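Take a look at the letters that make up each chain.
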Amino acid sequence: MRAERNESIMKRLWVRVIVAWVGAVVVVGTVTWTMFEREAGAFQKRELVRLESTMRSAESAFRNQTNQAFSELLRDPQLVAQLRLLNDNTLRRDFVQGRALLTPTGARASQSLRSCCGASLHVLDQYGRALIHQPAPGAGPGTGVPALPWRDGMYAAMGRHGVEGLDPDMPGTAYRRVLPIWRDGTHLGVIEASMSPGQYLTMLQRNSSRAWKHHLFIDVDALPDQLSDGRYQASGLHSQLVEPATGDAPPAGLPGWIAGSRSLGNSLAEAMPDRGPASALLRNNRGRQVAVSMMPIEDFRGVTIGYVLAESPADAMDILAARMAMTGAIIVLLLGFLLTIGILLQHQRHRAGLLRERLAAVTESVGEGVCLVSADQRIAYVNKAARDLLGWGDRELVGLDAGWVLQSGPHDVIRGTVESRMRQAIVAGDVYRSDLEGFRRGDGEMLSVAVTATPLRDFGNGQEMVVVFRDVSERARELRLMRAQAMRDPLTGLPNRRVFDERLTQEVRRSRRDGGALSLLMIDVDRFKAFNDYFGHPAGDRALRQIADAMQASMLRPLDAVCRYGGEEFVALLPDTGQRSAERVAERLRVAVAGLAIPQAPGGGAKVLTVSIGEATIMAGHPDSVALLADADTALYEAKAAGGNQVVVSPLRASAQSGQEPSTRR
């Protein structure tokens, strides 16, 4: 009878153990799969951002090269003279003579376009005749001179500033940039540069740091002749998308492993109604993981007419999957072992010593550090991995104060913060988890670890716990580096808006606590868009860096901070600074920027770049950061409205000064 009872108890015990292991596998597997799916989604979003950046970079490079070629042509007095002559005279004899005269000029101007992107260069008079005709060698369909370049919506969309984008209205798709030629209010003709789909994809490839290959697809609704003349073929991805010819050769066609992908097809089917981006992780015919990203592309009118597809390596996801599988297996082992030991302890409390030996035997075999902390806050046991990670001897850790070893941060003033949170969780019967904590090593340095602390329920007084940790020092260093990079504006090197928001909140609190004044300067570069449009974005970036350096050099106190707020807008935070002192600082900044003598664009309203500044001050107990920002922004708006290059001071939000008008200094 006793033997049967013992056998029944053992059966129930093993059933509980098996259920615990199955539960651990299910829970850990579900969590691991969910985390992997989340990481895979984030990876695909990053690839879409990279593809979009590649497209913008390629278009910017094409725009810069065409600007150079167009400028060289438009500076040629012979070109303007011939266009004026043809404007007044339509004789074919004059046209033929003018074309022969300008052939050397067109050849020189087109050399840079051919070398950079294989683009064609053409100049047409107002009647659509090609005065300069420089097609790129092997350019293929879509890059020659069209018979009527301004038919349909092209001329209407062009206006005085030209158009740029895909043009599916020509015989074969082409990426074109067309600019009208005006002299003295007279439209003399157009100048254009065009690339075939193959040349456009080559530009994308040159500007991509990761993608192996790019493909271009056009929506059949955007084509005037659908799939005629063999210039397009079905993509295999979607019935609405076709692949154009990439030059003189027929359409390249997608690999079968992409065209037949169900996951990419489903993603594209969801994206097509709104013409949004699509992506998927696939395996190519060699079994390699590949990220396939599709970003919409627009024509010269800004209408989405197709997609650019990029094939990029995704080996990192295979590595991540292997690591997560390994980590999940280790967690399952640890969790399963801990649950098993807990069950055994629950059924056999009188054999606690033996069970602890079994726990030690289990934990000694794993690569994670394991500590057993007693109810009196002493370390009762550590495994070999824990001793190796912390750099202590075999018997040095046992008996030490757990709050002294398991602490966060390098200073003793923080002593006990982690231990207290961990103890609070254990007392409440919860499991404490943290992805980044600091444990004290034997040499006094801090080791960055990921921690899981589990209470030993129904054992002793319930205050004992098992602490499992692993070394994450490399990840901690990466996080610190990423945080440092995230706090700086990449163009000017100034603190970015995120830093400003944090500093503003801190300084408002300190102003309330200490009773000091706090001033804020909102700074905006006057008519910077005109400067950018005239000199170009590279010159605009250089000007912003010069202005940022000048303002930074004008800050006399370490506590004062100049940050880039966005675009051509900056902010200066002046702690412990009253209204008059802040006004003097603002005037110093305004003079420093004007002293740079950066030439403004013609028609920009001034000879040099200047700034407008709005200043606001709050005293302790006055409105919060939102009110301070609103006052400074209002003052800046008044400075801009008054013509710029001014400092406008917002009145203090005090009843005695509520009726004052903003003061202005030039």
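Another point: the overall build of the chain. Per the secondary structure count, the chain includes 18 helices and 22 strands. Considering the chain as a whole, with its 666 residues, one finds that 48% of them fall into the buried category. Within the chain, contacts between residues at least 6 apart in sequence are counted, and of these 60% link residues at least 24 apart. Looking at the chain as shown, the accessible area adds up to about 32500 Å², and 53% of this sits on carbon and sulfur atoms.

A side chain with one charge can pair with a side chain of the opposite charge if their charged atoms come near. One pass over the structure, following the stated rule, counts 23 salt bridges. Of the charged contacts in the structure, one is a salt bridge between Arg84 and Asp184, with a shortest N-O distance of 3.0 Å. Highlighted residues: Arg84 in helix H2 (residues 77-88) and Asp184 in the loop between strand S4 (174-183) and strand S5 (186-195), separated in sequence by 100 residues. Judged by its relative accessible area of 72%, Asp184 falls in the exposed class. For Asp560, the salt bridge goes to Arg557, with nearest N and O atoms at 2.6 Å. On the basis of relative accessibility, which here comes to 10%, the residue Asp560 falls in the buried class. Several salt bridges converge on common partners, so that one network encompasses Arg503, Glu507, Arg510 and Asp576.

Take the sheet that holds strand S3 (residues 163-167) next. Pairing in this open sheet of five strands is antiparallel, and the strands run S2-S1-S5-S4-S3 from one edge to the other. Both edges of this open sheet fall to strand S2 (130-134) and S3, since each of them pairs with a single strand only. The sheet shows a mean angle of 20° between the axes of neighbouring strands, taken without regard to direction. Contacts from H2 reach strand S1 (120-125), S2, S4 and S5, with the element oriented near 120° to S5. On top of the sheet, helix H5 (residues 197-207) reaches S4 and S5; it is set at about 70° to S5, its chief contact.

Next up on the list: the sheet that holds strand S9 (residues 278-283). In space, the six strands of this open sheet follow the order S7-S8-S6-S11-S10-S9, with antiparallel pairing throughout. Each edge of the open sheet carries a strand with a single partner, namely strand S7 (232-234) and S9. In this sheet, neighbouring strand axes are inclined to one another by 35° on average, regardless of whether the strands run parallel or antiparallel. The pairing of S7 with strand S8 (residues 241-244) spans three bridges and is antiparallel. Opposite Tyr232, over in S8, you have Pro244 as the bridge partner. Contacts from helix H7 (residues 262-271) reach S8, S9, strand S10 (289-298) and strand S11 (304-313) within the one sheet, and its direction differs from that of S9 by about 175°.

Secondary-structure assignment places Ser261 in the loop between helix H6 (256-259) and H7. You can call Ser261 buried: its relative accessible area is 10%. From its side chain, Ser261 meets the backbone nitrogen of Leu264 in a polar contact 3.2 Å long.

With that out of the way, let us pick up unusual backbone geometry. Despite not being glycine, Arg527 shows a phi value in the positive range, around 50°. Judged by its relative accessible area of 35%, Arg527 is partly exposed. One non-glycine residue with positive phi stands out, namely Asn645, at about 55°.

Right, let's talk about the confidence of the model for the chain for a bit. Chain-level pLDDT for the chain is 80 on average; 83% of the residues reach the 70-or-more range. Here residues 408-416 is a poorly scored stretch, pLDDT under 50, and it has 16 contacts once near neighbours within four places are set aside; other chains count. In the predicted structure, residues 655-666 sits below a pLDDT of 50 and forms 24 contacts with residues beyond four places in sequence or in another chain.

A few words now on the pairing of strand S12 (residues 369-373). Burial analysis of S12 places five of its five residues in the buried class, the great majority of the element. Because side chains alternate across S12, one face comprises the buried residues Gly369, Cys371 and Val373, and the other comprises Val370 and Leu372, equally buried. Pairing of S12 with strand S16 (residues 465-471) involves five bridges; the strand directions are antiparallel. The residue bridging Val370 from the neighbouring strand is Val468, located in S16. Judged from the three bridges that link them, S12 and strand S13 (residues 379-382) form a sheet pairing that is antiparallel. Each bridged residue has a counterpart across the sheet, and for Cys371 the counterpart in S13 is Val382.

So, on to the packing of aromatic side chains. Overall, the coordinates contain nine aromatic pairs when judged by the stated rule. Measuring from centroid to centroid gives 6.1 Å for Trp33 and Phe36, while their planes differ by 35°, and the two rings are tilted. Of this pair, Trp33 and Phe36 both sit in helix H1 (residues 2-74), separated by three residues, roughly a single helical turn. Of the residues examined, Trp33 reaches a relative accessible area of 53% and is grouped as exposed.

Time to look at the packing of helix H16 (residues 537-554) against helix H17 (residues 579-594). Where H16 contacts H17, the axes come no closer than 9 Å and their chain directions differ by 140°. In this view, H16 runs oblique relative to H17, as classed from their interaxial angle. As H16 runs across H17, the sense of the crossing is right-handed. Of H17, the residues touching H16 (which contributes Ile547, Ala550, Met551 and Ser554) are Arg588, Leu589, Ala592 and Val593. Classifying every residue of the contact of H16 with H17 gives six nonpolar, one polar and one charged.

Cut-offs used in this document
Residues numbered from 1 in each chain as written. Predicted model: local features only at pLDDT ≥ 70, side-chain atom pairs only at ≥ 80, totals over all residues. Heavy atoms only, no water. Helix = DSSP H or I, 4+ residues; strand = E, 2+ residues; numbered from the N terminus. Buried < 20%, exposed > 50% of the residue type's maximum accessible area, 1.4 Å probe, protein only. Contact = heavy atoms within 4.5 Å. Areas by Shrake-Rupley, 256 points an atom, 1.4 Å probe, with all protein chains shown as cover. Salt bridge = Lys/Arg side-chain N within 4 Å of Asp/Glu carboxyl O. Pairing = 2+ DSSP bridges. Axes fitted to C-alpha atoms, helices over the stretch in contact; angles between N-to-C directions. Polar contact = N/O pair within 3.5 Å; in protein donor to acceptor, adjacent residues only side chain to side chain. pLDDT = per-residue confidence, 0-100. Phe/Tyr/Trp six-rings, centres within 6.5 Å; stacked < 30°, edge-to-face > 60°. Parallel < 35°, antiparallel > 145°, perpendicular 65-115°, else oblique. Left-handed = near helix turned anticlockwise from the far one by under 90°. Nonpolar A, V, L, I, M, F, W, Y, C, P; charged D, E, K, R; others polar.

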